[in-house]
Every structure is written in structure tokens, then in C-alpha cells.
Amino acid sequence: SQQGEEDPQALSIQEGENATMNCSYKTSINNLQWYRQNSGRGLVHLILIRSNEREKHSGRLRVTLDTSKKSSSLLITASRAADTASYFCATDRRDTGRRALTFGSGTRLQVQP
Amino acid sequence: DARVTQTPRHKVTEMGQEVTMRCQPILGHNTVFWYRQTMMQGLELLAYFRNRAPLDDSGMPKDRFSAEMPDATLATLKIQPSEPRDSAVYFCASGLGGRETQYFGPGTRLLVL
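Residues numbered from 1 in each chain as written. Chains lettered and ligands numbered in written order. Predicted model: local features only at pLDDT ≥ 70, side-chain atom pairs only at ≥ 80, totals over all residues. Heavy atoms only, no water.

1. Brief notes about the sheet that holds strand β3 (residues 19-24) of chain B
All names here are of chain B. Ordered by their spatial adjacency, 4 strands build an open sheet running β1-β3-β8-β7, and the pairing between neighbours is antiparallel. The open sheet has two free edges, formed respectively by β1 (5-7) and β7 (65-71), since each of these has just one partner strand. The sheet shows a mean angle of 20° between the axes of neighbouring strands, taken without regard to direction. The pairing of β7 with strand β8 (residues 74-79) spans 5 bridges and is classified as antiparallel. Across the sheet, the residue bridging to Glu-68 is Thr-76, located in β8. (Pairing = 2+ DSSP bridges. Helix = DSSP H or I, 4+ residues; strand = E, 2+ residues; numbered from the N terminus. Axes fitted to C-alpha atoms, helices over the stretch in contact; angles between N-to-C directions.)

Encoded structure:
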């Protein structure tokens, strides 16, 4: 399996509900980031959480990081139709000399109005 | 409002033709990335540069792909000769370091017939 795998692959909820997406990774990291991609557009950075942080908030977004379990979650509260997009986690791996992010395959979120 | 720009936005070409994609990173960013996104493979890192020097192009088919940064305001990705399997969306992103936040352009949607 790949570094930075999101779960579930697809999620459909009603407007106003909370959406939770998970990301698992295999190697030690310095930071983990979440990005959003609207259909036909480039990725947009949402939030970065460093390995020494456990939780971070930004507006309706809440990200947690558990380095012991090598996992992260992205919670979107009070979802809106405009939140419909694909969400990707990205990690920087310490096990390679590559100084670049590795992106997961994404979670497709559909928010029904 | 600083943005990464990419040209062209869409390109349709015939197999065997040369394709050149251009990217203007955000002014002041010292790291530039090229990604390819397909339904089957997801988001793949092709190459990245720091201070215009190529740091990693291991994700790029060397026989037909080439990436350069003629100056700090322009990055190019060339495919010669192009093949149908190169059909994808190609994204450029820039940032301040390979492990930090990346800012994506709108992408070039390439179709090779």
C-alpha cells in the first residue's frame, strides 16, 4: 500500500453533517498536510500539522495527528455543499532523501444540499 | 493575489508531436514541482527544482520527458515524442522548500490522440 492512504475513498453526507476522513502512513514524518481539490482545479492547501503537534484547528476544520499510530484525521464540521471536493493528505518522509511531499489517493466527499 | 500560472490550460495533440507546458511560480518561491494526475495513478511527482536546480526527476520517463527552469520565473515541461498514455492533467506547484506548503497552478489538461 502507499504512503498516505486516505480512508474512505468516497463519502457522501447531507449538508450540516460532519465529515471525517482518515489518512494512514508508514514512515516517520516531519509534517502532514491536507489539501482539497475541486473538480477540474488544482490542489489547495488546507492545513499543515507538524509531528510534535497533536491537533490543529482552522475554521470548520480540525486535524489530528497520532504519530504512534501513524495516522491523521480531517474533520469538517457543519458541512456545506461547497465542501464537495476530493481531499488529499500529503506527508514528507524521513526515510528517503527526497525533500518533497508524497500524496495519497484522496477521499471524494459529496455533500448533498 | 499571488498565484501559480500555467499555460496552456488545454492541449490536444497527435501522437509523436512535441508538447511544451509552462509554469510561472509565485514570485519569491524557491521550489517548483511538476505533477501528473490520472484516474488510475492519482497524483505523481515527476520532478522538482530548488533554486532552479533539479533535485529529483526520478518520477519522469527520461527518454521522452524533460524539465527545465530557464529562469526563476519560468519552469517548462516538455514531452517529445508524446504518446497517448501521456494524456493526463499536469500540475505545477511552487513553495518555500520541498516539505512545506505547496501552491498549485490550475493545471494543463493534455490529450494525446
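Structure shown, so let's carry the discussion forward.
2. Considerations on unusual backbone geometry
Between Asp-7 of chain A and the following residue, Pro-8 of chain A, the backbone shows a cis peptide bond with an omega angle of 0°. Mapped onto the secondary structure, Pro-8 of chain A falls in the loop between β1 (5-7) and β2 (10-14). Across the junction of Gln-80 of chain B and Pro-81 of chain B, the peptide omega takes the value -5°, indicating a cis bond. Mapped onto the fold, Pro-81 of chain B is located in the loop between β8 and β9 (88-95).

3. Focus: the environment of Ala-88 of chain B
With respect to the element layout, Ala-88 of chain B can be found in strand β9. With near-sequence residues (within four places) excluded, Ala-88 of chain B lies in contact with Arg-36, Gln-37, Thr-38, Thr-108, Arg-109 and Leu-110 of chain B. (Contact = heavy atoms within 4.5 Å.)

4. Focus: the nonpolar core
Met-21, Trp-34, Met-60, Ala-67, Leu-77, Ile-79 and Tyr-90 of chain B are the most contacted members of the largest nonpolar core, which has 22 residues in total. Sorting the residues of this core by element identifies β3, β4 (31-38), β5 (42-50), β7, β8, β9 and β11 (108-112) of chain B as the ones contributing at least two each. If sequence neighbours within four positions are ignored, Leu-77 of chain B has contacts with Val-19, Thr-20, Met-21, Trp-34, Leu-46, Met-60, Phe-65, Ser-66, Ala-67 and Tyr-90 of chain B. By size, the runner-up hydrophobic cluster in this structure holds 21 residues, among which are Val-63, Leu-74, Tyr-87 and Cys-89 of chain A. (Core = buried A, V, L, I, M, F, W, Y, C linked by side-chain atoms within 4.5 Å. Buried < 20%, exposed > 50% of the residue type's maximum accessible area, 1.4 Å probe, protein only.)

5. Looking at the state of the cysteines
Evaluated as defined, the whole model comprises 2 disulfides over all chains. Paired through a disulfide, Cys-23 of chain A and Cys-89 of chain A show a sulfur-sulfur distance of 2.0 Å. On the sign convention where negative means left-handed, the S-S torsion of about 65° between Cys-23 of chain A and Cys-89 of chain A marks this disulfide as right-handed. Of this pair, Cys-23 of chain A sits in strand β3 (residues 19-24) while Cys-89 of chain A sits in strand β9 (residues 85-93), and the two are 66 residues apart along the sequence. A relative accessible area of 0% places Cys-89 of chain A in the buried class. Residue Cys-23 of chain B pairs covalently with Cys-92 of chain B via a disulfide, S to S 1.9 Å. Between Cys-23 of chain B and Cys-92 of chain B the sulfur-sulfur dihedral comes to about -55°; the bridge is accordingly left-handed. (Disulfide = S-S within 2.5 Å.)

6. Concerning the packing of aromatic side chains
Summed over all chains, the structure comprises 8 aromatic pairs over all chains. Between Tyr-35 of chain A and Phe-104 of chain B the ring centres are 5.9 Å apart and the planes differ by 75°, which places this aromatic pair in the edge-to-face class. Of this pair, Tyr-35 of chain A sits in strand β4 (residues 29-37) while Phe-104 of chain B sits in strand β10 (residues 102-104), placing the two residues on different chains. A relative accessible area of 0% places Tyr-35 of chain A in the buried class. (Phe/Tyr/Trp six-rings, centres within 6.5 Å; stacked < 30°, edge-to-face > 60°.)

7. Considering the interface of chain A and chain B
Each partner contributes to the interface: chain A provides 21 residues, whereas chain B provides 19 residues. Counting each side, the surface lost to burial between chain A and chain B is near 1,700 Å², with a carbon and sulfur contribution of 46%. On inspection of chain A and its partner chain B, the count reaches 1 salt bridge. The residue Glu-100 of chain B makes a salt bridge to Arg-50 of chain A at a minimum N-O spacing of 3.1 Å. If you look at where chain A meets chain B, you find 5 residue pairs in polar contact (both at pLDDT 80 or more). Looking at the side of chain A that touches chain B, the elements with two or more residues in it are β4, β5 (43-50), β9 and β10 (101-103) of chain A. Examining the composition of the side of chain A that touches chain B, we find that 5 residues originate from one element, β4 of chain A, more than from any other. For the side of chain A that touches chain B, the residue count by class is 7 nonpolar, 8 polar and 6 charged. (Buried area = accessible area lost by both parts, 1.4 Å probe. Salt bridge = Lys/Arg side-chain N within 4 Å of Asp/Glu carboxyl O. Polar contact = N/O pair within 3.5 Å; in protein donor to acceptor, adjacent residues only side chain to side chain. Nonpolar A, V, L, I, M, F, W, Y, C, P; charged D, E, K, R; others polar.)

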